[in-house]
Amino acid sequence: MNNDKLKDTKKLLEEDLKIASNEKELNDLKVKYLGKKGLITELNSSIKNIPNEEKKSYGLAVNGLRTLFNNIYEEKLEIFKKEELNKKISNETIDITLPSKKIKKGSLHPMTLITEEFEDLFVSMGYTVYEGPEIETDENCFQKLNVPKGHPARDAQDTFYLKDEFENFLLRTQTSTAQVHAMEENTTKGPLRIVCPGKVYRRDEDATHSHQFMQIEGLVIDEDVSMADLKGTLEMFCKKILGEKTEIRFRPSYFPFTEPSVEVDVSCFKCQGKGCNLCKQTGWIEVLGAGMVHPNVLKMCGYDPKKYQGFAFGTGIDRFAMFKYGIPDIRTIYGNDIRFIEQFNRKDDTYEVK
Amino acid sequence: MKLSRKFVSDYLDLDKNLSITKIAEDMTSVGNEYDSASSLINCTNLVVGEVISCENHPDSDHLHCCVVDIGTEKLNIVCGAPNCRKGLKVIVAKAGAILPGGTIKKGLIRGAESNGMLCSLAELGLENKFLEEKDHAGIYEFPATTEIGIDAISALELDDEVIDFELTSNRGDLLSILGMAYELGAIYNKKVKPIDLNHSEVKENVNDVFKIKIETTDCPLFLAKKALNVTIKESPAFIKNRLIASGIRPINNVVDISNYVMLETGQPLHFYDANSLGDTLIVRNAKENETLTTLDNIKRTLSPDDIVISTPKEAVGLAGVMGGLSTEVENTTKDIIIESAIFDNIKIRKTSKKILRSEASNRFEKGLDPNRTYMAIERSCALLEKYAKAKIMTGTVTYDKLAKENKKINLSLNKLNKVLGITISEEEVISILERLTFTVTKKDSLEVEVPTRRRDISIEEDLIEEVGRIYGMDNIKGKLPVLNVSLGAYNKTKRALKHQLASLGLNETMSYTLIPKEHVFDFTTEKFTPIYLNDAMSEDRNTLRNSLLYSLKEIYLYNKARNNTNLSLFEIAKCFYKENTTYKEELHLGILLSGDYFLDIKKERVDFYILKGIAENILDFLGYENRYSFQKGDLPKELHPGMSACINVGGTILGFLGHIHPETLKDDVYLLEINLDKLLSLKTSKMKYKDISKYPSIIKDIAFIVDKDISSKEIIDTIKKASSKRLTNIELFDLYTGDKIASDKKSLAYKLTFMDTTKTLTEEEVMLEFNSIIDKVEKTLKATLRDK
């Protein structure tokens with residue numbers, strides 16, 4: 001009789017669990033079979049009525065039922081939990097194509113980007129960035145650069161003078177003036193290696209000239225530097241900034257503060273020297289002025305021209321920005337149209353160690 | 001300077017196979033850049049033809065149907081020129097000829113066959129200033145003796161080529177055909193031919209009839225000669241054409257000769273009508289406000305900086321710049337006084353800048369070779385005799401204070417190689433210098449004698465450059481300098497700040513330093529002396545800015561006009577002012593916010609607190625955390641007084657931020673400006689690790705009701721005063737005004753975090769401190785607790 005009861009309970013239990021279709025029904029069954037008044041609990045407590053010699057096998061059989069219930073219960077519970085999670089996930093699914101929460105993109109001005117590239121390159125060659133003042137004396141801007149008053153070279157640099165009783169102060173027309181400060185401030189009058197980026201001003205304005213623009217000047221003074229060193233340095237500069245295939249060409253020229261003086265052309269990076277409208281079909285683009293520091297300049301800035309030689313070079317940063325980013329009109333650079341400035345919002349270094 | 005190939009060929013044999021472009025390129029490679037190099041007349045397929053019949057076109061009232069013999073064939077050509085007639089020798093553009101106006105094609109003109117075009121001079125592309133009315137009105141008429149079938153441009157003697165050079169300002173010597181000949185001679189290793197100065201002189205000596213008085217130090221050399229009985233007429237074609245090729249308009253033989261000699265020698269000459277001038281010529285500085293009517297019939301007012309040529313009575317010419325109207329050479333002129341002189345180049349530069357830049361003044365400004373002054377006056381006599389039938393008087397009236405000897409400069413081969421970074425032999429150096437017609441004597445170093453025409457050469461480095469030029473600067477092989485290791489450096493703070501601002505979503509601008517005078521005090525507290533330009537280009541840019549905010553406001557308006565108002569801008573640039581007699585420039589940071597700061601779904605309008613957040617972010621970033629405050633104070637009048645604050649860092653006001661004043665601009669624009677130089681001069685502490693407590697913190701919330709005019713900062717300061725260092729954080733989490741409290745009150749709720757780094761705090765310990773905080777705030781600020 002006890003065996004029949006055990007068999008019936010087993011059958012009932014298996015059927016009940018099979019029918020259970022969710023977690024709640026499953027838990028109800030747990031109460032039905034294993035609760036305080038549960039069927040299996042009752043079977044267990046009726047052991048006291050079992051004859052002693054059958055007690056052991058009866059107890060094992062009841063425990064077997066309990067294990068069976070728990071096994072099936074756990075198995076089904078896991079299935080239900082998984083189903084429920086899947087349902088939750090499915091309900092939570094979002095439209096990944098909706099727009100993002102936009103984080104505003106800041107940007108640095110293209111002139112800043114180019115200046116930083118120049119600075120990094122020269123700093124890696126041991127130069128120090130030196131920024132001089134924008135208001136200058138006539139002496140520093142011209143006379144100490146070997147351009148006395150009345151010198152025709154002043155024509156090319158029409159100057160903004162300040163309203164001043166001494167008629168001596170002006171807005172610098174070239175970053176070369178920073179050379180004068182750096183040389184004079186260098187109390188040891190020893191070797192010097194600087195680059196000077198900054199704003200300069202000239203009374204001139206059209207599509208390729210702005211009354212305010214940016215230049216960078218480089219100066220190296222040492223006991224033994226030559227035109228060959230100058231050329232090697234500028235080759236490095238042009239290759240790293242404009243691309244490894246860039247060639248440079250020296251043409252003699254005239255600047256009052258260098259002797260000898262050269263203008264430096266680079267092979268056209270647009271057409272690789274074949275000739276195009278950018279290089280006016282010549283294959284070359286004039287980008288720098290350079291030369292050996294004039295002994296008069298060394299002398300006026302306190303250096304001994306018998307002991308020291310130096311080279312200097314200068315270029316327009318605006319021109320490089322126009323080349324690098326393909327900006328056709330210099331006035332765009334200073335127009336500050338948000339649609340222009342926000343374009344420069346990503347990393348794009350030409351000079352980079354890979 | 002325009003170089004005519006034919007002109008320079010008088011003095012140098014240029015290889016006929018050298019193209020004009022090649023010559024220009026070769027000149028460029030020694031430092032003389034050019035703008036253009038081409039034929040004087042850029043036309044093809046032009047021949048001389050003869051009109052052998054000329055009938056009126058049946059369908060036109062002005063066209064002619066002509067048959068033109070061009071030697072090889074006879075062409076039917078329709079021509080509309082009124083002077084077209086039988087027997088005329090004409091310029092014929094054959095079919096396929098390219099003219100500035102287009103290509104000539106065979107075709108029918110109103111039904112009549114036309115296989116070419118008869119040309120006027122205007123149609124050949126000569127500049128208008130070289131053309132007379134007849135050159136536009138009708139076709140060109142060759143002399144009857146002209147051979148038919150030959151090239152028409154050669155027949156016109158216009159078969160020249162021209163290079164337009166852009167010379168550097170040190171090479172005044174190249175403003176002459178002779179100078180060009182020497183330069184080309186150095187390039188191609190050829191000798192320059194001598195100039196013909198030969199002329200005869202009549203018995204009478206000019207010194208007996210004409211006197212000069214030099215009453216200024218601005219005229220170190222003055223020569224005068226007299227030519228009698230000149231015949232004024234049209235110049236011979238070669239003179240006219242060379243002037244045209246050089247860009248100078250031919251006038252008559254006498255005037256043309258003065259220009260021709262200037263082009264040849266670089267020495268400007270002036271011819272006076274001798275009868276109008278009288279027998280005495282004075283060179284002096286002009287008197288203050290002295291007047292003179294120049295050749296262009298304009299009355300000029302002069303100053304003592306100007307040099308004048310004068311009779312004892314009055315000024316008759318502006319030395320080196322322009323002659324006077326009263327002594328002009330006219331068609332009736334018989335005798336002329338020839339002036340060849342040197343004037344102070346700086347004075348001429350000043351005067352010509354003021355009055356007129358001319359071919360002559362350009363040459364005076366660059367400086368002249370005194371030997372050429374003598375050469376030019378003799379050359380002009382030779383030409384006047386030959387082409388104007390002049391009789392030249394004996395002698396020259398001379399005033400001369402200048403040395404005319406060649407300079408001697410020593411050149412060390414070692415130094416040359418050290419400067420250029422090359423290895424060149426002494427022989428090669430000597431050979432290059434000799435090609436430049438410098439004389440070299442070998443001593444310890446090389447002694448180089450430089451001709452006076454090369455005024456640009458005065459020191460050893462100049463000679464090194466000369467050798468380098470001819471050797472080829474581009475033949476120098478580049479190498480990196482071998483230098484002692486030294487550290488490079490740059491201003492990291494400025495760069496880091498820019499990057500930080502960009503990472504906060506701000507866009508960097510770069511605007512002009514120069515702003516209009518009337519706005520220099522905008523966005524400032526007006527406690528400075530502005531700096532103005534002496535010679536501004538425009539009223540828009542005549543003053544150096546003292547604040548970046550006027551510029552940023554202008555940028556805002558520019559973008560607003562283009563419907564872009566979501567702007568988060570910053571600029572770092574110098575601002576300027578004058579202090580006593582010194583000029584100051586200080587780096588500022590300016591920020592402008594308008595429109596939305598966060599975009600799209602979560603977009604949020606900018607307000608004071610977003611800008612304040614940015615200010616705090618950068619001040620913290622730069623290392624000034626806990627050292628700044630935002631306070632009421634002296635603000636620019638362009639800011640909203642109720643929505644703006646001064647920025648106090650370390651006890652000093654270094655800037656301000658806030659809403660633009662509605663009277664300045666009605667829009668919601670927020671601005672910030674900080675004096676970066678002053679800010680960055682404040683030292684910052686080192687970034688240091690702080691112990692992280694192992695013990696838990698206890699958080700207490702508290703809400704105070706206070707009068708509306710009590711600021712949150714006052715409450716926080718009071719809380720801080722009442723608490724120990726266990727209070728590690730105070731955070732405002734709610735601000736309430738409204739129905740639930742009195743209308744003149746506001747409620748502020750704070751979250752206070754208590755923590756001890758050495759032990760776990762007990763509730764009792766925290767409550768003790770918390771209660772004393774409440775007590776203090778209640779007493780000090782007349783606050784009440786909101787939940788009471």
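## A short note on helix α6 (residues 237–245) of chain B
All names here are of chain B.
Okay, step 1: Buried within α6 are the following residues: I239, N241, R242, L243, I244 and A245.
Okay, step 2: Those residues of α6 that are buried are in contact with β1 (2–4), α1 (5–9), β12 (161–166), α7 (253–265) and α11 (370–388).
Okay, step 3: Just downstream of α6, G247 is the residue with a positive phi angle, here 90°.

## Side note on the domain arrangement of chain B
Okay, step 1: Structurally, chain B comprises domain 1 (2–38 + 163–188), domain 2 (46–155), domain 3 (201–400), domain 4 (407–475), domain 5 (492–680) and domain 6 (698–785).
Okay, step 2: Computed from C-alpha coordinates alone, the two centres of domain 1 of chain B and domain 5 of chain B are separated by 55 Å.

## Let's talk about the confidence of the model for chain A
Okay, step 1: Per-residue pLDDT for chain A has a mean of 89; in total, 97% of the residues score no lower than 70.
Okay, step 2: When mean pLDDT is compared element by element in chain A, strand β1 (residues 128–129) of chain A scores highest at 96, while helix α1 (residues 2–19) of chain A scores lowest at 85.

## A few points about the sheet that holds β1(B)
All names here are of chain B.
Okay, step 1: Pairing within the open sheet is antiparallel, and its three strands lie in the order β1-β12-β2. In the strand order of this sheet, the two ends are held by β1 and β2 (33–39), each with one partner. Taken pair by pair, the neighbouring strands of this sheet meet at an average axis angle of 20°, ignoring direction.
Okay, step 2: Here three bridges tie β1 to β12, and the two strands are oriented antiparallel to one another. Bridge pairing links S4 to V162 in β12.
Okay, step 3: Packing of helix α2 (residues 20–29) onto the sheet brings it into contact with β2 and β12, and relative to β2 it is tilted by some 170°.

## Quick look at the nonpolar core
Okay, step 1: Formed by 222 residues in total, the largest nonpolar core has its most connected members in F222(B), F343(B), L384(B), L501(B) and I591(B).
Okay, step 2: Looking at this core, the element that brings in the most residues is helix α8 (residues 227–242) of chain A, giving eight residues.
Okay, step 3: The residues contacting I591(B), other than those within four sequence positions of it, are L501(B), L506(B), L549(B), L552(B), L569(B), F570(B), L611(B), I614(B), Y670(B), L671(B) and L672(B).
Okay, step 4: In terms of nonpolar packing, the next biggest core, distinct from the first, is built from 24 residues, A93(B), I104(B), F130(B) and L156(B) among them.

## A word on the interface of chain B and chain A
Okay, step 1: At the junction of the two partners, chain B supplies 85 residues and chain A supplies 93 residues.
Okay, step 2: Carbon and sulfur atoms supply 55% of the area buried between chain B and chain A, which totals about 7,800 Å² over both sides.
Okay, step 3: For the interface between chain B and chain A, the tally reads eight salt bridges.
Okay, step 4: The shortest N-O distance in the salt bridge between K494(B) and E131(A) comes to 3.3 Å.
Okay, step 5: Counting across the interface, chain B meets chain A through 41 residue pairs in polar contact (both at pLDDT 80 or more).
Okay, step 6: Among the elements that make up the side of chain B that touches chain A, the one with the highest residue count is strand β33 (residues 567–579) of chain B (eight residues).

## Here's the deal with unusual backbone geometry
Okay, step 1: With omega at -5°, the peptide bond leading from E259(A) into P260(A) counts as cis.
Okay, step 2: Here P260(A) shows up in strand β7 (residues 258–267).
Okay, step 3: Residue N45(B) is not a glycine yet carries a positive backbone phi of 60°.
Okay, step 4: Looking at where N45(B) falls in the secondary structure, it is placed in the loop between β2 and β3 (46–56).

## Thoughts on the packing of helix α9 (residues 345–354) of chain B against helix α10 (residues 359–366) of chain B
Residues and elements named next belong to chain B.
Okay, step 1: Taken N-terminus to C-terminus, the directions of α9 and α10 make an angle of 145°; their axes are 7 Å apart at the nearest point. Two packed elements cross with a definite hand, and for α9 against α10 that hand is left-handed. Each of N345, I348, R349 and S352 in α9 lies in contact with α10, whose residues at this interface are S361, F364 and E365.
Okay, step 2: Residues belonging to the contact of α9 with α10 are distributed by class as follows: two nonpolar, three polar and two charged.

## Here's the deal with the domain arrangement of chain A
How big an interface is tends to be stated in terms of accessible area lost as the parts join.
Okay, step 1: Split by domain assignment, chain A resolves into domain 1 (2–92) and domain 2 (110–341).
Okay, step 2: If you average the C-alpha positions of domain 1 of chain A and of domain 2 of chain A, the two centres end up 91 Å apart.

## Observations concerning the pattern of salt bridges
Residues and elements named next belong to chain B.
Okay, step 1: All told, the structure shown has 66 salt bridges over all chains when counted by the stated rule.
Okay, step 2: A salt bridge links D173 to R454, with the shortest nitrogen-to-oxygen separation between them at 3.7 Å. Separated by 281 residues along the polypeptide, D173 in the loop between β12 and α5 (177–188) and R454 in the loop between β28 (446–450) and α14 (460–471) bring together distant segments of the chain.
Okay, step 3: Accessibility expressed as a relative area gives 10% for D173, which makes it buried.
Okay, step 4: Shared partners join several salt bridges into a network, and the residues in it are R171, D173, E183, R454, D456, E466 and R469.

Here is what the cut-offs are and how they apply
By convention here, each chain's residues receive numbers from 1 onward along its written sequence. Chains and ligands are labelled by the order in which they are written, letters from A for the one and numbers from 1 for the other. Reporting of local features is limited, given that this is a predicted model, to residues whose pLDDT is at least 70; pairs of side-chain atoms are given and counted only at 80 or more, and all residues count toward the totals for whole chains, interfaces and linings. Processing note: side-chain calculations cover all non-hydrogen atoms of the structure and skip hydrogens and water entirely. Relative accessibility decides the category of a residue: with a 1.4 Å probe and only protein chains considered, values under 20% of the type maximum give buried, values over 50% give exposed, and everything between is partly exposed. Helix and strand definitions here come from DSSP, where helices need a minimum of 4 consecutive H or I residues and strands a minimum of 2 consecutive E residues; each element is numbered from the N-terminal end. The contact rule is simple, with two residues in contact once any of their heavy atoms fall within 4.5 Å. For the domains described, the bounds stem from an automatic or database domain assignment. Every residue gets a pLDDT, meaning the predictor's confidence in that residue, from 0 to 100. Any two strands with at least two DSSP-identified bridges between them are counted as paired. For helices, the axis comes from a line fit to the C-alpha atoms of the stretch in contact; other axes are also lines fit to C-alpha atoms, and the angle between any two N-to-C directions lies between 0 and 180 degrees. In plain words, nonpolar cores are sets of buried Ala, Val, Leu, Ile, Met, Phe, Trp, Tyr and Cys residues tied together by side-chain atoms within 4.5 Å. Buried surface area refers to the total accessible area, computed with a probe of radius 1.4 Å, that the two partners give up upon joining, counted for both partners together. Salt bridge, as used here, is a side-chain nitrogen of Lys or Arg placed within 4 Å of a carboxyl oxygen of Asp or Glu. Here a polar contact is taken to be a pair of N or O atoms separated by no more than 3.5 Å, where protein atoms must pair a possible hydrogen donor with a possible acceptor and residues adjacent in sequence count only if both atoms sit in side chains. Two helices that cross are described as forming a left-handed crossing if the nearer one is turned anticlockwise from the farther one by less than a right angle, and a right-handed crossing if clockwise. In this count, Pro and Cys sit with the nonpolar residues alongside Ala, Val, Leu, Ile, Met, Phe, Trp and Tyr, while Asp, Glu, Lys and Arg are called charged and the others, Gly among them, polar.

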